[in-house]
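In case you want the letters, here they are:
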Amino acid sequence: MRRASQTTYALLAYLVLIPPADATTLTIVSWGGAYEASQNEAYFKPFTSKTGTSIKTLTYNGGIDQLRKQVESNNVEWDLIDLVVADNIEACESGLLQAIDHTLLPPSPDGIPASEDFLPDTLTPCGVGQVVSATVLAFNDAAFPGTKPSSIRDLFNTQQFPGKRGLQKKPIAVLEWALLSYGVPIKDIYALLSTERGLRLAFAKLDQIKPHIIWWENGDEPAQLLADKKVVMSSGYNGRFFSTAINQQLPIEIIWQGQLLNYSTWGIPVGAPNPLKAKEFIHFATDTQRLADQASHIAYGPVRRSSARQVRKHLASGTDIRPHLPTYEPHLKYAIKKDHQWYARTQSRINNRFTQWLAEP
Amino acid sequence: MNLFTRLTFLAVFAAVTGALASLAAIGFISLVGYLNNLLLISSRSRLMFGDGILLSVVTVAVPALGGLFVGLLWTQVKEQRPLGPADAILSAQTMSGKLPVKSTLLASIGSVVSLGCGASVGQYGPLVLMGSAIGSLLGSHKTGAKNMGVVGIGCGAAAAIATAFNAPIAGLVFAHEVILRHYSIRAFAPVTVAATVGYVMANFVFHQQPLFHINPVALQHPLEYLGFVVIGVTGALIAIAFMNAVLFSAKTATKLPIPAYCRPMLAGAILGLVALWQPEILGIGSELLRFSTIEGAFVSYELTILITLKILLTALCIGFGFAGGVFSPALLIGAMFGAFFGGVLDLFLDASRSAISLYAVCGMVAVTSPVIGAPLTTILIVFELTRNYDLALACMVSVVFANLVGYRLFGRSLFDVQLAARGTDLSMGRDKAILDHISLTQYVSQTYSRLNAKDTVQAVMNELVASDRTEAYIVGENGEYIGTITSIDIIKLTHLGSLQNLPASDVARHEALVMDTNTSIWQAMHQLEGFSGESIPVIDRANYKLAGVVYEAALVKAYLDAEQSVREEEHATS
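Worth saying up front: this structure is predicted, and the values here are computed from it rather than measured.

Draft legend 1. Inspection of the overall build of chain B at higher detail. Counting secondary structure elements, chain B contains 24 helices and 6 strands. Counting across all 574 residues of chain B, residues that qualify as buried make up 51%. Of the contacts formed within chain B by residues at least 6 apart in sequence, a portion of 77% connects residues at least 24 apart.

Shown next as structure tokens:
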């Protein structure tokens, strides 16, 4: 079995090594900023140089509304989308994404099949995982000369830690953090958020800091808000905070307690213009080498175990990247594992509640 | 067996019992969790399913159909009811060491279905019963060691509690305080081993999280101890109301004009209908328990409604035949009461009180301890879950007062009152329980003078002289007891003249003290007071036939034998 899949892989590699004259262009939708830049280095450029296929990238802020519009109007322009897993599950169940056969994914270099090499839950019926990212709370170290914030509780403590807070204009992470700040154990968070009482409590907690919030929507904004001193602390993606701190030499500190683990996936829309090419890209971009490469450009953990073992240094700065990954062992102790199934089924209703709350005076 | 073999045997026996009881507990909890998600009982599955008519239909149908299933299940059980911790206590107290395997198995299945379908019952009772049954089964094999069944019951119960709460010391104390009710080295050592194995299994093999986690808190003001006293006293009153509700509901259920197997279905349907209004009332209520420890989770009147509903619906479910315990409902009722008390305190106090979770935990133990009759266990559970002195001390105060009030006004525990209703009074300690469970039958003697009603007094006299006895028993044609003739009677008759030809039936006196084959040694010993004869007639209650006699000396020996076996067990001399 293992030998057979190795042969397939060798064949595939052979085909990939001879760039055919190819005029197709893959349209890939991703999240922009430092994240997309890391994908460009690790996946897009190597793929183009090996296959000759050029890649056109577009940027979005998540969600499946645009995808739904394209599919329903039979006018799909995207070949590949980078989706958080909950969106992937929801889109898949709504019939917006194509099913993906995971047995065709290449094994690890030492022959471990993809199904065992990928972390649990990172292969979904219409998705293949890429990187583990985390929504974390970060603060400007210079803003707090005395006691430093050290836990999610401090996000809601405007007396001891005054100043504006940057938060994503979505219910994700803030609801979990609101309950966490009441002392709710991590394992109970989603059970409690599933009750009217739990939601009421979470929004009551958010009420306390509502006047201090500056909302952000694009993943690149939080680091910039901190850099521009518009906020003293902000939620955001750990990789972007890391990149900004390194590139701009900024004193951005990450609070790992309560980090919300998430991972991104590739999905192919139903009716995509180049589905075969898109699949070829996924097989290429999620092999051991490519996933490990991405972690040398941005502080996100690969979803393949074999890739995680290869990760060492951040290429641009030369720092050891491992303690900056969400999957670093000491950080995992206090991590909230995002309940993807829960989000996939409830996010539209939870979003409505959140929008209502935003509108309240 | 020599000492070394005996110790090794005990250790292995305890470890195996602990491991199996722990596995059973983990399996049970996982299965209930799986069913709760599948059948839309858990809050997460309900929200994910979405609102709508279908969810409402499921909310009523699932508990009702689950009720029908368990109702039908009990028709296959000899006892016609789910077994519970009370049966384990009885078995340990009478030193029988046995639990019926089939009934226990069916009770466990019934508990999984009850809890899985959202019945408002607890899970610790079934866990303790399963653990005890496993220990009893392992201990029943002929090994040469005495009373291994009883030791096994203690081991299983300890392992179950140690697993469920991640609290091995509480498990050890629970087995002694609630089940075994005495301390002996013979039981203490194996029970400790079993509790530890249960803890290790839960923590290091399965990485099972404790069913309830409490964050450490600090006491703000010494005067708050007064509040904990009030919580203790009031908590006991709530516990008494809860226990009486359970007993009343069980009594009412038998009077309803519906077949017994339909009762749980009715309870389930009512529960489902109430859940349409208050969905949090479904199942074990772990979300509510958590909310009780959070400041501001409830609007003031909500807690009164929820406490009342939880008491009534739990009483309904248990009384009408759902299988499950009273431990977790008591924890929840108590926690909500504690939170309520903390809220009330805010109305009167200007100064800041300690965190609401401290009050919730005090209320929790104040209600639970009188229900299960386990003050030390509840204090230790809190201490082991939090490792926090402030909290454990506050709980201690509440528990002590709660138990005092509960004991005075109700009894040692709900289990004891249930057992008393079934005819076993444990209030006099286990000596009485044991003596009460030894029947007179094995001490009935056939060596006595038995004559027919038509025999003459002369014949009776001849028989007494020949047999060297002072009492003769006269029976009728069918062997029924008519009366007794003593040597004194014959002397008196002789003194009066020639009455030797009278039939014995004319002379025989019916003794004031007659025992029957169902009399226990305990009853016999008490009836013996003021008795001055040689032997007592024992009749078969079914047909009034004379079954034999029992000699005073035999009764005294029976009493001493029972006492001896109890002392031997306590002092590890066997």
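The discussion continues.
Draft legend 2. Structural view of the sheet that holds strand β1 (residues 449-452) of chain B. Residue and element names in this part refer to chain B. Taken together, the 3 strands give an open sheet; going across it, the order is β1-β2-β3, and neighbouring strands pair in mixed fashion. Each end of this open sheet is capped by a strand with a single partner; those strands are β1 and β3 (481-486). Taking the axes of each pair of neighbouring strands and ignoring which way they run, one obtains an average angle of 30° across the sheet. Across the sheet, helix α20 (residues 457-467) touches β1, β2 (471-475) and β3, and the angle it forms with β1 is around 165°.

Draft legend 3. Representation of the domain arrangement of chain A within the structure. Residues and elements named next belong to chain A. Considered domain by domain, chain A is made up of domain 1 (2-132 + 263-322) and domain 2 (133-262 + 323-359). Using only C-alpha atoms to locate each centre, domain 1 and domain 2 end up separated by 27 Å. Contacts between domain 1 and domain 2 engage 27 residues on the former and 24 residues on the latter. Listed by contribution, the elements that provide at least two residues to the side of domain 1 that touches domain 2 are α2 (33-51), α4 (85-93), β5 (127-140) and β9 (252-267). Among the elements that make up the side of domain 1 that touches domain 2, the one with the highest residue count is α4 (5 residues). For the side of domain 1 that touches domain 2, a count of residues per class yields 17 nonpolar, 6 polar and 4 charged.

Draft legend 4. Examining the environment of G62 of chain A more closely. Residues and elements named next belong to chain A. Within the secondary structure, G62 is located in the loop between β2 (54-59) and α3 (65-72). The exposure class of G62 is partly exposed, given the 19 C-beta atoms found within 10 Å. Separated by 22 residues in the primary sequence, G62 and V84 have C-alpha atoms spaced 7.4 Å apart. Contacts of G62, omitting those with residues within four sequence positions, involve V84 and D87.

Draft legend 5. Seen up close, helix α8 (residues 196-209) of chain A. Between its terminal C-alpha atoms α8 of chain A stretches 21 Å, which fits the 20 Å expected from 14 residues at 1.5 Å a residue. Every buried residue belonging to α8 of chain A is among R197, G198, L199, L201, A202, K205 and L206 of chain A, and all of these are buried.

Draft legend 6. Quick peek at the sheet that holds strand β6 (residues 546-551) of chain B. Residues and elements named next belong to chain B. Strand order in this open sheet of 3 strands is β4-β5-β6, and the pairing throughout is mixed. Sheet topology places β4 (515-516) and β6 at the edges, where each strand pairs with a single neighbour. Bridge count between strand β5 (residues 535-539) and β6: 5 bridges; the pairing is antiparallel. What sits directly across from I539, in β6, is L546.

Draft legend 7. Structural view of the interface of chain A and chain B. With 17 residues of chain A at the interface, the matching set in chain B holds 16 residues. Those elements that place two or more of their residues in the side of chain A that touches chain B are α7 (189-193), α8 and α15 (340-359) of chain A. For the side of chain A that touches chain B, the per-class residue count stands at 9 nonpolar, 4 polar and 4 charged.

Draft legend 8. Region of interest: the packing of helix α10 (residues 224-255) of chain B against helix α13 (residues 300-319) of chain B. Residue and element names in this part refer to chain B. At their nearest, the axes of α10 and α13 sit 8 Å apart, and the two run at 40° to each other. As judged from the angle between their axes, α10 and α13 are oblique. Judged by the twist between their axes, the crossing of α10 over α13 is right-handed. The residues of α13 that touch α10, namely those facing A241, F242, A245, V246, S249, A250, T252 and A253, are I311, L312, A315, L316, I318 and G319. The residue inventory of the contact of α10 with α13, partitioned by class, reads 11 nonpolar, 3 polar and no charged.

Draft legend 9. Region of interest: the domain arrangement of chain B. In terms of domain boundaries, chain B breaks down into domain 1 (3-205), domain 2 (224-425) and domain 3 (438-564). Of note, the centres of domain 1 of chain B and domain 3 of chain B, computed from C-alpha atoms alone, are 49 Å apart.

Draft legend 10. Summary view of the confidence of the model for chain B. Residue and element names in this part refer to chain B. Summarising the model, chain B shows a mean pLDDT of 89, and 97% of its residues fall at 70 or more. Per-element confidence in chain B ranges from a low mean pLDDT of 79 for helix α19 (residues 430-436) to a high of 96 for helix α11 (residues 263-277). On the interface metric, ipTM, the complex scores 0.82, and its pTM is 0.84.

Draft legend 11. Representation of unusual backbone geometry. Residue and element names in this part refer to chain B. A positive phi angle is found at M95, which is not glycine, with a value near 60°. The class of M95 is partly exposed, set by 19 C-beta atoms lying within 10 Å. The phi angle at Y544 is positive, at roughly 65°, despite the residue not being glycine. Here Y544 shows up in the loop between β5 and β6.

Draft legend 12. Expanded view of the nonpolar core. Counting residues in hydrophobic clusters, the biggest one holds 281 residues, and the most contacted among them are L179 of chain A together with A158, I161 and M336 of chain B. Top element by residues in this core is helix α7 (residues 148-165) of chain B. It accounts for 13 residues. When near neighbours in sequence (up to four residues on either side) are disregarded, A158 of chain B contacts G171, L172, F174, A175, V191, A194, A195 and G198 of chain B.

Draft legend 13. Molecular detail of the packing of helix α3 (residues 53-74) of chain B against α11 of chain B. Residues and elements named next belong to chain B. In contact at an axis separation of 7 Å, α3 and α11 are set at 160° when each is read in the N-to-C sense. Put simply, α3 runs roughly antiparallel to α11. Considering only the axes of α3 and α11, their crossing is right-handed. Listed contacts from α11 to S56, T59, V60, P63, A64, G66, G67, L68, V70 and G71 of α3 are R263, P264, M265, A267, G268, A269, L271, G272, L273, A275 and L276. Across the contact of α3 with α11, the residue classes tally to 13 nonpolar, 7 polar and 1 charged.

Draft legend 14. Structural view of the pairing of β1 of chain B. Residues and elements named next belong to chain B. Burial along β1 is one-sided: S449 and L451 are buried, while R450 and N452, pointing the other way, are not. Across 4 bridges, the pairing between β1 and β2 is parallel. Bridge pairing in β2 links R450 to Y473. Between the parallel elements β1 and β2, the chain passes through α20 in a crossover that is right-handed.

Calculation notes
- Residues numbered from 1 in each chain as written.
- Chains lettered and ligands numbered in written order.
- Predicted model: local features only at pLDDT ≥ 70, side-chain atom pairs only at ≥ 80, totals over all residues.
- Helix = DSSP H or I, 4+ residues; strand = E, 2+ residues; numbered from the N terminus.
- Buried ≥ 20, exposed ≤ 12 C-beta atoms within 10 Å, placed from the backbone.
- Contact = placed C-beta atoms within 7 Å.
- Pairing = 2+ DSSP bridges.
- Axes fitted to C-alpha atoms, helices over the stretch in contact; angles between N-to-C directions.
- Domains from an automatic or database assignment.
- Nonpolar A, V, L, I, M, F, W, Y, C, P; charged D, E, K, R; others polar.
- Expected span 1.5 Å × (residues − 1).
- Parallel < 35°, antiparallel > 145°, perpendicular 65-115°, else oblique.
- Left-handed = near helix turned anticlockwise from the far one by under 90°.
- pLDDT = per-residue confidence, 0-100.
- Core = buried A, V, L, I, M, F, W, Y, C linked by C-beta atoms within 7 Å.
- Right-handed = clockwise from strand over helix to strand, strands pointing away.

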